[in-house]
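Residue strings, one per chain:
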Amino acid sequence: APGVAPPPPPATLPRKSGGRRVQFGIFDQNDRGPLPMAEHLEARLRLVALYDALGFDRYHVSEHHATPLSATPATGAWLGAVAQRTRRIRFGPLVYILPLRHPLQIAEEVALLDQISGGRFELGVGRGISPYELGYHGVSAAESPAMYREALDLLLMAMTQESVTFEGRWWRCEDVPVVLRPRQQPHPPLWYACATPEAAVWPARNAVNLVCNAPAPRVAEIVARYRAEWAEAGRPGGALPCLGLSRAIVVADTTEAAMAAAQRGWRRYEESFHRLWRKHGSAPVNARVGPDFAETQAAGMGFAGTPAGVRDALLAQVATTGVNYVIARFAFGDLTEAESRRSAELFAREVMPALREHHRASAAAAE
C-alpha cells in the first residue's frame, strides 16, 4: 500500500461519500467508434452533458495510450472540456496512470481542473494495467507498482503542502513552491480500482472510494473486507465512501433491440480492448472481455434488456455485493449516440428510482 498518512478521524472524512444514499456514476472508456474523431468527441461531450442533466453523480474516464481503447489519452485536456460542458456532475480519471508523468505535473493539473469546475474533480489513481502502454513510455511493468507508490506519496504532498521536498528513487525535488492548490481541501476525493479483497485494505484505511469490475461473488468479498476494515477503525457506516460496482449496460424498449445493439457494440469494443495484446501475441489475465455480449451477461458483467430486466438484474447484484454505488457504461464500440442516449434516459427514469428505494429500505432494516 502507498505510504500515505494515517486515515483522518470521522469528522474530517470526505463529504462526497457513498454513505446511506445509493449513488450512480458513468464509466467511459471512450473507445473509438466509426465516427471521425472530431464527431466522436463531440458526441461524447453531448452524452456527458446528458448524464449531468439526468442526475448521475459522477463521470469517470479511463487513461489509455497508443490504442483505440481510448480516444482521449490526454485525459486532463478531455476533463477540462467536460468541466465546461457540465454544471453539477462530478468527474475525474479512473485512473491517472501515475508512473507515466511527474507527480508535480499531475498535482498542478488536478488543482486546475478542481478550480475551473468549482470543486467537482475526483482523483482516481493507479499504476497502469497494460505492460505495452507502459513500455511505450519507457516504464517497466515490473517496476510500475513501486513507481506508483512513490508517485502517490509525492502527489499527495504536492496537493497539501505549501512547498515540496522529496527524495525518491524515481522522482526528486527540493523546495518546490506549490502555487496552485485544489479548491477541495485537503485534496479532491481519491478513487481506486480494486480486484481482490486484500487490495481493499489500503483504500478502507485511508477513506478512499472503491470501484470493482469483477463477478458479483468477488465484488461481495471485496466490499465485505472494506466494510470490516472500516468498522474496525471505529468509523460510522453512514460515512462510508463509495463502494462501486461497474457494469456495461444497454437499455431499450425490447430485450431483442437491447441485445442486438449490445452484441454489435461489444464486438467492436472487444477488438479495441485486445488490440495491443494481440499485436504482441499475448492476452491480459482475467480480462473477462470476450466478443460475445451474451457471455458477458451470463457472467453478470453486463446487462442488455428492458428497464425492468436491467433493474431486476442490478437489484440482485446490489443486494448480493453490498455496494452503495452503481457505475454504468452506456457508450462502447459502435453504439450510436442515440442508442447510448436512450439507455441513459431509460436507466435514469426507471432503474435508478428502484435502486434508490431498495437501498433506503435496506439501510432502514439494518438500523
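These remarks concern the structure in this document. (Residues numbered from 1 in each chain as written. Predicted model: local features only at pLDDT ≥ 70, side-chain atom pairs only at ≥ 80, totals over all residues. Heavy atoms only, no water.)

Points about the packing of aromatic side chains
- Applying the stated rule across the entire model yields 18 aromatic pairs.
- Their ring planes at 90° and their centres at 5.3 Å tell us that Trp 266 and Phe 332 sit as a pair that is edge-to-face. In this pair, Trp 266 is assigned in helix 8 (residues 255-279) and Phe 332 in the loop between strand 12 (325-329) and helix 11 (337-366), connecting sequence segments 66 residues apart. Comparing Trp 266 with Phe 332 shows no difference in burial state: the two are buried. (Phe/Tyr/Trp six-rings, centres within 6.5 Å; stacked < 30°, edge-to-face > 60°. Helix = DSSP H or I, 4+ residues; strand = E, 2+ residues; numbered from the N terminus. Buried < 20%, exposed > 50% of the residue type's maximum accessible area, 1.4 Å probe, protein only.)

Some thoughts on the packing of helix 2 (residues 75-85) against helix 3 (residues 103-116)
- Two numbers describe how helix 2 lies on helix 3: the axes approach to 9 Å, and their chain directions differ by 10°. As judged from the angle between their axes, helix 2 and helix 3 are roughly parallel. On helix 3, the residues that touch Gly 76, Leu 79, Gly 80, Ala 83 and Gln 84 of helix 2 are Glu 109, Leu 113 and Ile 116.
- For the contact of helix 2 with helix 3, a count of residues per class yields four nonpolar, three polar and one charged. (Axes fitted to C-alpha atoms, helices over the stretch in contact; angles between N-to-C directions. Parallel < 35°, antiparallel > 145°, perpendicular 65-115°, else oblique. Contact = heavy atoms within 4.5 Å. Nonpolar A, V, L, I, M, F, W, Y, C, P; charged D, E, K, R; others polar.)

What about the pattern of salt bridges?
- This structure, assessed with the given rule, holds 23 salt bridges.
- A salt bridge links Glu 357 to Arg 360; the nearest nitrogen and oxygen atoms lie 2.8 Å apart. Of this pair, Glu 357 and Arg 360 are both found in helix 11, three residues apart, which corresponds to roughly one turn of the helix.
- Each member of the salt-bridge network shares a partner with another, and the members are Glu 42, Arg 46, Arg 85 and Glu 337. (Salt bridge = Lys/Arg side-chain N within 4 Å of Asp/Glu carboxyl O.)

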